[in-house]
Amino acid sequence: MAGEVAGDRTPELLAIVHDIAGMCVGAVGTGSSIAGDGTFRKDCTDLVRRISLLTHLFEEIKELNKVADSASSSSSESGGGAASWSFDVVVALQSAKRLLSVARNFRSNCSSDGAAKTIIFQFQSVTWKLEKLLSNLPYDHLEISEEVREQVDLVRTQLRRATDKYGFMISQMPSYKLSEPLAQEISQVPGRTTSGLHKQHSCPENLSELDKIRTNDGGEVCSRHQGVSRLERARSIPTMSEISLTNVTDTESEENSESKSPPEVKKSEGVLIPEDFLCPISLELMRDPVIVSTGQTYERSYIQRWIDCGNTTCPKTQQKLQHLTLTPNYVLRSLISQWCIEHNIEQPTGLTNGKIKKSDGSFRDVTGDIAAIEVLVRKLSSRSVEDRRAAVTEIRSLSKRSTDNRILIAEAGAIPLLVNLLTSEDVLTQDNAVTSILNLSIYENNKGLIMLAGAIPSIVQVLRAGTMEARENAAATLFSLSLADENKIIIGASGAIPALVELLQNGSPRGKKDAATALFNLCIYQGNKGRAIRAGIITALLKMLTDSSKSMVDEALTIMSVLASHQEAKVAIVKASTIPVLIDLLRTGLPRNKENAAAILLALCKRDTENLASLSRLGAVIPLTELSRSGTERAKRKATSLLEHLRKLQQV
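Residues numbered from 1 in each chain as written. Predicted model: local features only at pLDDT ≥ 70, side-chain atom pairs only at ≥ 80, totals over all residues. Heavy atoms only, no water.

Going by an unreviewed UniProt entry, the protein carries the name RING-type E3 ubiquitin transferase and comes from Arachis hypogaea. Under the UniProt heading Catalytic activity (unreviewed entry), the entry covering the protein gives this text: "S-ubiquitinyl-[E2 ubiquitin-conjugating enzyme]-L-cysteine + [acceptor protein]-L-lysine = [E2 ubiquitin-conjugating enzyme]-L-cysteine + N(6)-ubiquitinyl-[acceptor protein]-L-lysine." Taken directly from UniProt, the Pathway (unreviewed entry) text for the protein runs: "Protein modification; protein ubiquitination." (UniProt positions renumbered as here; feature names shortened; annotations may be inferred.)

See below:
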């Protein structure tokens, strides 16, 4: 560690990360007044969120370096290596910062599609370089904690997926000549052609100088880039029984979970989308599917752009298009709509030139709505308490009504102002502010804007000290935001989990359910399980299991089944004398409760002869035998596995 101090550049790294986070927060706050038209807003938001997660890594390295500082003077042999990796990361982050600055200023009507390809390639380059640097960090020498390593692994996975996405997008575009600085850098990579680079989803070692990229007329680059559509949940908070238990690691199939994923579906934001519903070009859920002459179906906007660029072949089959007529695929559109209804998902809409595109392909003029909402948003920062209260009350109402309103309110820059109102001394203003943020978070794209506005600490404060209604909605908001994996990390590190456990123990009936739902989702991330245990969640769950009303048994078992794979949780569950309660549920519980009780017992007893012996002494064999014959399919598997372990114990 001593040598790390000699090349310590973590203060510089943290400063760059802080600047990058501030760039996007500033863009959010200015709403429609930013120089660009939002073409690359989604790409910028995603990149900023991923880079922001590296704050924990750099802060931990900085603290470790401080501890080692007193011993660093006598040894510096590893300083060169430390200086090398930190210098490389600084360069990559500076490139990301320049890219974000350029991408934020794009306009859709002042540049060629070749410029768009260049900037998309820049996103590919930045994500690829960051992922490679993070994979090569000297973690063993840096003594990074397990929790931070998990965060970095998550960021690496997301960066790798982003690199692949950009590579696919570029490969589907017409071949334009890249800007001169970029083309020169690509040519410096041995054995790599531009086309081969895209197909391999790789990137050059050296990132281009973004500030040198210009349009044909010498102006700043800006072009139309079709943003990636994201699914929107039609409601933010499902009941615990509606949360898929596929999120819970099955103790008997941990190692094979990835290989068992159905090949005919793709996963997006926790929802499995049938392959036929995805556009072959964008790889996203289609809103307006159309058929080309080869019989292939595409999203209208993507295939139209393909044709407008002069292409006369089918992107998927490479066959020549006999004609360029696009025939609406009404059957598929109907199937997609039905699927969205069944899964409580709305197809996203988009705001363009004062009009919002609806799922049927038509446009609705919202110019009047925009003007009215902008007036309300300005009042959110009024000096008058009454004006602020009235404005936030109206925004709460509007954000509840429709997806279009959620888009327009966010576009008007309301989110940072609403976050500021979370700390208002006026109780009604605070209540309406947190509920407005909950409503806005239902729209998928708004989740990132809320996180970038720094909302979590204020939401947690409301969760701790607000009115009961505000605490309920704060818990619901944390659940909604935690649907994104990176947000689980941020929320868990914010101190939210102890506040949620307290609400779980002492809240209103609705508050308890909101807290349970949020805790379940947060504890899917391994690093949050220990936090929940230390916050006393096992005591709260046991109380729910033994409560005479039985109103929260399902929630308690579902959360405990997530925690049971964690060693610290196993110890706490057994110490709380939970095993007899679980065995009793095997006898008297509902089918779903029996299933979860068996799953928890299996997790507790695997490779633990003492717990197995306790199971045998407490008479679990009879109810397990019955469950192995008449339970749900999952319950049968768990019960059979437990009985097999018990038989082996008796043979020893």
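Here the narrative resumes, following the displayed structure.
Participant: What's the story with the overall build of the protein in this structure? I'm lost.
Facilitator: Scanning the protein for helices and strands turns up 32 helices and 10 strands. Across the 652 residues that make up the protein, the buried fraction comes to 54%. Relative to all contacts within the protein whose residues are 6 or more apart in sequence, the contacts with residues 24 or more apart total 73%. Carbon and sulfur atoms provide 49% of the accessible area of the protein, an area that totals close to 28400 Å². (Helix = DSSP H or I, 4+ residues; strand = E, 2+ residues; numbered from the N terminus. Buried < 20%, exposed > 50% of the residue type's maximum accessible area, 1.4 Å probe, protein only. Contact = heavy atoms within 4.5 Å. Areas by Shrake-Rupley, 256 points an atom, 1.4 Å probe, with all protein chains shown as cover.)

Participant: Please clarify how the sheet that holds strand β5 (residues 297-299) should be interpreted in this entry.
Facilitator: Whether parallel or antiparallel, the strands of a sheet pair through hydrogen bonds between backbone atoms. Strand order in the open sheet formed by three strands is β5-β4-β6, with antiparallel pairing between adjacent strands. Looking at the sheet topology across the chains shown, the edges are occupied by β5 and β6 (327-328). Direction of pairing for strand β4 (residues 289-291) relative to β5: antiparallel, over a ladder of three bridges. Counted as the bridge partner of Ile-291 is Thr-297 from β5. (Pairing = 2+ DSSP bridges.)

Participant: I'm lost on the nonpolar core in this one. Help?
Facilitator: Inside soluble globular proteins, nonpolar side chains tend to come together where they are buried. Membership of the largest hydrophobic core comes to 101 residues, with the highest contact counts inside it found for Leu-500, Leu-504, Ile-537, Leu-541, Leu-563, Leu-615 and Leu-624. Sorting elements by how many residues they give to this core places helix α29 (residues 591-605) first, with eight residues. Domain assignment of the residues forming this core places at least three in each of domain 3 (364-453) and domain 4 (577-651). With residues up to four places along the chain from it excluded, the contact list for Leu-500 reads Leu-463, Ala-475, Leu-478, Ala-515, Ala-518, Leu-519 and Leu-522. Judged by nonpolar contacts, the second largest core, of 51 residues, contains Met-23, Leu-47, Val-126 and Ile-489. (Core = buried A, V, L, I, M, F, W, Y, C linked by side-chain atoms within 4.5 Å. Domains from an automatic or database assignment.)

Participant: What is the right way to read the packing of helix α26 (residues 553-563) against α29 from this model?
Facilitator: Packed helices, taken two at a time, are described by the angle between their axes plus the distance between the axes. Taken N-terminus to C-terminus, the directions of α26 and α29 make an angle of 30 degrees; their axes are 9 Å apart at the nearest point. As judged from the angle between their axes, α26 and α29 are roughly parallel. Seen from above, α26 lies across α29 with left-handed handedness. Residues Val-553, Asp-554, Leu-557, Thr-558, Met-560 and Ser-561 of α26 touch α29, and the partners they reach there are Arg-592, Asn-593, Asn-596 and Ile-600. When grouped by side-chain class, the residues that make up the contact of α26 with α29 number four nonpolar, four polar and two charged. (Axes fitted to C-alpha atoms, helices over the stretch in contact; angles between N-to-C directions. Parallel < 35°, antiparallel > 145°, perpendicular 65-115°, else oblique. Left-handed = near helix turned anticlockwise from the far one by under 90°. Nonpolar A, V, L, I, M, F, W, Y, C, P; charged D, E, K, R; others polar.)

Participant: Even after reading the chapter, I still don't get unusual backbone geometry, so can you show me in this structure?
Facilitator: For residues besides glycine, phi is generally negative; the peptide bonds are generally trans as well. Phi is positive for Gln-318, which is not a glycine, with a value near 65 degrees. Structurally, Gln-318 can be placed in the loop between α11 (300-308) and β6. One non-glycine residue, Ser-577, lies in the positive phi region at around 60 degrees. On the secondary structure map, Ser-577 appears in the loop between α27 (567-575) and α28 (579-588).

Participant: Looking at this structure, I do not really get the pattern of salt bridges. What am I missing?
Facilitator: When charged atoms on two side chains of opposite charge get close, those side chains can pair. Inspection of every chain in the model, using the stated rule, returns 19 salt bridges. Across the pair Lys-165 and Asp-43 runs a salt bridge whose closest N-O atoms are separated by 3.8 Å. Residue Lys-165 is found in helix α8 (residues 146-171), and its partner Asp-43 is found in helix α3 (residues 41-52); the two are separated by 122 residues along the sequence. For the salt bridge of Arg-471 with Glu-502, the shortest nitrogen-to-oxygen distance reads 2.6 Å. Of this pair, Arg-471 sits in helix α20 (residues 468-481) while Glu-502 sits in helix α22 (residues 496-506), placing them 31 residues apart in sequence. (Salt bridge = Lys/Arg side-chain N within 4 Å of Asp/Glu carboxyl O.)

Participant: What exactly am I supposed to notice about the packing of α20 against helix α23 (residues 509-522) here?
Facilitator: Remark: α20 packs on α23, axes separated minimally by 8 Å, with the N-to-C direction vectors making an angle of 20 degrees. The orientation of α20 relative to α23 falls into the category roughly parallel. Of the two elements, α20 crosses α23, and the hand of that crossing is left-handed. Side by side, α20 and α23 meet where Glu-472, Asn-473, Ala-475, Ala-476 and Phe-479 of the first sit next to Arg-510, Gly-511, Asp-514, Ala-515, Thr-517, Ala-518 and Asn-521 of the second. By residue class, the composition of the contact of α20 with α23 is five nonpolar, four polar and three charged.

Participant: Would you take a moment to explain α3 for this structure?
Facilitator: Count 3.6 residues to each turn of an α-helix, and residues three or four apart come out pointing the same way. The end-to-end C-alpha distance of α3 is 16 Å, a good match for the 16 Å that 12 residues give at a rise of 1.5 Å each. For α3, the tally of buried residues reaches 10 of 12 residues, placing the bulk of the element in the interior. Of all the residues in α3, the buried ones are Lys-42, Asp-43, Cys-44, Thr-45, Asp-46, Leu-47, Val-48, Arg-49, Arg-50 and Ile-51. (Expected span 1.5 Å × (residues − 1).)

Participant: I keep staring at the environment of Arg-406 and nothing clicks. Help me out?
Facilitator: By secondary structure assignment, the location of Arg-406 is in helix α15 (residues 403-411). Classification of Arg-406 by relative accessible area gives buried; the value is 5%. For the pair Arg-406 and Asn-445, spaced 39 residues apart in sequence, the C-alpha separation works out to 9.9 Å.

Participant: I would appreciate a short explanation of the packing of aromatic side chains in the present structure.
Facilitator: Scanning the entire structure with this criterion turns up three aromatic pairs. When the ring of Phe-123 is compared with that of Tyr-166, the centres are 5.5 Å apart and the planes differ by 25 degrees; the resulting orientation is stacked. With Phe-123 in helix α6 (residues 113-135) and Tyr-166 in helix α8, this pair connects stretches of sequence that are 43 residues apart. Of the two residues examined, Phe-123 and Tyr-166, each falls in the buried class. Aromatic side chains Phe-277 and Trp-339 sit 6.0 Å apart centroid to centroid with 75 degrees between the ring planes, which places their arrangement in the edge-to-face category. (Phe/Tyr/Trp six-rings, centres within 6.5 Å; stacked < 30°, edge-to-face > 60°.)

Participant: Is there a simple way to think about helix α17 (residues 427-441) in this case?
Facilitator: An ideal rise of 1.5 Å per residue puts 21 Å on 15 residues; α17 measures up with 21 Å between its terminal C-alpha atoms. Extensive coverage of α17 is indicated by the burial of 13 of its 15 residues.

Participant: Could you clarify how one ought to interpret the confidence of the model for the protein in this entry?
Facilitator: Low pLDDT means the predicted coordinates in that region are not meant to be read closely. On average, residues of the protein score 76 in pLDDT, and 74% of them reach the 70 mark or higher. Ranking the helices and strands of the protein by mean pLDDT puts α17 first, with 96, and strand β1 (residues 232-233) last, with 29. For the stretch residues 26-34, pLDDT sits under 50, and the model shows 16 contacts to residues farther than four places along the chain or on other chains. Confidence over residues 175-269 falls short of pLDDT 50; this stretch has 224 contacts with residues more than four positions distant or in other chains. (pLDDT = per-residue confidence, 0-100.)

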